[in-house]
Amino acid sequence: MPEAHAASLDARPYDALLLLSFGGPEGPDDVVPFLENVTRGRGIPKERLKEVGQHYFLFGGVSPINDQNRALLDALRKDFAEHGLDLPVYWGNRNWAPYLTDTLREMVTDGHRRILVLATSAYASYSGCRQYRENLAESLAALEAEGLDLPRIDKLRHYFNHPGFVRPMVDGVLKSLADLPDDVRDGAHIAFSTHSIPTAAADTSGPADDHGDGGAYVKQHLDVARVIADAVREETGVDHPWQLVYQSRSGAPHIPWLEPDICDHLEERKEAGAPAVVMAPIGFVSDHMEVLYDLDTEATDKAEEIGLPVRRSATVGADPRFATAVRELILERAAVESGRNVTRCALGALAPSHDLCPVGCCPARAPKPAAAGADSPYA
């Protein structure tokens, strides 16, 4: 940890951390109501939601994301306690219990007035950042309507290139390569996978200066993939070919989304003579449903069908190094807010992300109020 942080572990002016996540069902009866929350306003029939929910029913109607977040909460609280950071940690979701508005109400009732938010999305995009900020604004508006005093809310910067986020993924790729048979290991390709989004959303991701040609979303993933591939080459002596690929497309067929899809990529690699592939889900913080179904089930079944050995590397999850990274990001942001000297963590030549989302960052199709940004009505 940088010495500037270790000196005092001073989180002022912040008095609480909110872990903000997507949420997921925790039983079969939760699946359709959860999907109704996710798709609210789109007019999708309940029968169609039941079809979509089959992925969850394969796993007993339980998404792993909530247990993943409970483990991350434990890791954060343990790390903070061991390092003398007195900052309570709360948890709220966008689409399932514990709901964001309920958690913010609890935090306000507990007396918290300066809240930092850690979102379980490491990269810039509308769905990975701006939409969370819109949800925060909606919850603040609800609390204001109840007559509560509103807290000041800031969001931790994107941590896609923080060493504590990237290094666990490097180790995951190394472990997956080591698990391949000896005769295919050195020739294995690496497929760095992330959630596909509409190309229009990708092109407008991040600040306006990054818009176009995949925007910040694609650039940030490519940066991380390159860092991991370089580290793997340095530590194994083998230069594994790699490509950024996409998964979990859910939009209408006529709308362009980022490609290639992971299953199509596996088929292409097999046809090109690749002896094996490591699937590295760098776009995901934890092993939630998109990882368990789209990679561990669908893509793995495709690989078995075409006779291509594959391994799937681990996500960061509740790795203690990620908890350390969050602590460092908190202290960094607190120092900036207090006007103290700060060391900003990033990997090599990759610059740290912006602290405050500027006007025009990851714009929505229909503009809505968003908290924790330069355009926030709740500054």
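Here the structure is a predicted model, which means the values were calculated and not measured.

Caption draft 1: Quick peek at empty space enclosed by the protein. Counted under the stated rule, the structure contains two cavities of 30 Å³ or more. When its volume is computed, the largest cavity comes out at roughly 60 Å³. Lining the largest cavity are K155, L156, R157, H158, H354, D355, L356, C357 and A372. Each pocket or cavity is described by its volume, and for the second largest cavity that value is around 40 Å³. Surrounding the second largest cavity, Q68, N69, L72, T120, V285, S286, G317 and A318 form its lining.

Caption draft 2: Spotlight on the pattern of salt bridges. Enumeration according to the criterion identifies 37 salt bridges in this entry. A salt bridge links D182 to R185, with the shortest nitrogen-to-oxygen separation between them at 2.7 Å. Taken as a pair, D182 and R185 lie in helix 9 (residues 182–185) at a separation of three residues, close to a single helical turn. We classify R185 as partly exposed; its relative accessible area is 23%. Beyond isolated ion pairs, a larger network of salt bridges with shared partners links R114, R152, D154, R333 and E337.

Caption draft 3: Seen up close, the side chain of T315. Mapped onto the fold, T315 is located in the loop between strand 8 (310–312) and helix 14 (320–338). Overall, the relative accessible area of 11% leaves T315 in the buried class. At a separation of 2.4 Å, a polar atom in the side chain of T315 contacts the side chain of D287. When sequence neighbours within four positions are dropped, the list of residues in contact with T315 reads P281, F284, V285, S286, D287 and V291.

Caption draft 4: Expanded view of the sheet that holds strand 2 (residues 89–93). Read from one edge of the open sheet, four strands run 2-1-3-4, paired in parallel fashion. The open sheet has two edge strands with one neighbour each: strand 2 and strand 4 (152–155). Neighbour-to-neighbour, the strand axes of this sheet turn through a mean angle of 30 degrees, independent of strand direction. Note that strand 1 (residues 16–21) and strand 3 (residues 114–119) share five bridges and pair parallel. Along strand 3, the bridge assignment pairs L20 with A119. Relative to the sheet, helix 5 (residues 65–82) contacts strand 1, strand 2 and strand 3, its axis offset from that of strand 2 by approximately 165 degrees.

Caption draft 5: Just the layout of surface pockets, in detail. As a volume, the second largest pocket reaches approximately 220 Å³. Lining the second largest pocket are 14 residues, and of these F160, D210, K219, Q220 and A351 lie nearest its centre. Looking at the lining of the second largest pocket residue by residue, the class counts come to seven nonpolar, four polar and three charged.

Caption draft 6: Up close: the pairing of strand 1. Across the six residues that make up strand 1, a large majority, six, are buried. By the alternation rule, side chains of strand 1 split into A16, L18 and L20 and L17, L19 and S21, which are all buried. Bridge count for strand 1 against strand 2 is five bridges, and the pairing is parallel. Looking at strand 2, one finds that L20 is bridged to G92.

Parameters and conventions
Residues numbered from 1 in each chain as written. Predicted model: local features only at pLDDT ≥ 70, side-chain atom pairs only at ≥ 80, totals over all residues. Heavy atoms only, no water. 1 Å grid on protein atoms, 1.4 Å probe; cavity = no way out; pocket = protein on both sides within 12 Å on 5 of 7 lines; lining within 4 Å. Points joined across faces, edges and corners; volume = space filled by probe spheres on them. Salt bridge = Lys/Arg side-chain N within 4 Å of Asp/Glu carboxyl O. Helix = DSSP H or I, 4+ residues; strand = E, 2+ residues; numbered from the N terminus. Buried < 20%, exposed > 50% of the residue type's maximum accessible area, 1.4 Å probe, protein only. Polar contact = N/O pair within 3.5 Å; in protein donor to acceptor, adjacent residues only side chain to side chain. Contact = heavy atoms within 4.5 Å. Pairing = 2+ DSSP bridges. Axes fitted to C-alpha atoms, helices over the stretch in contact; angles between N-to-C directions. Nonpolar A, V, L, I, M, F, W, Y, C, P; charged D, E, K, R; others polar.

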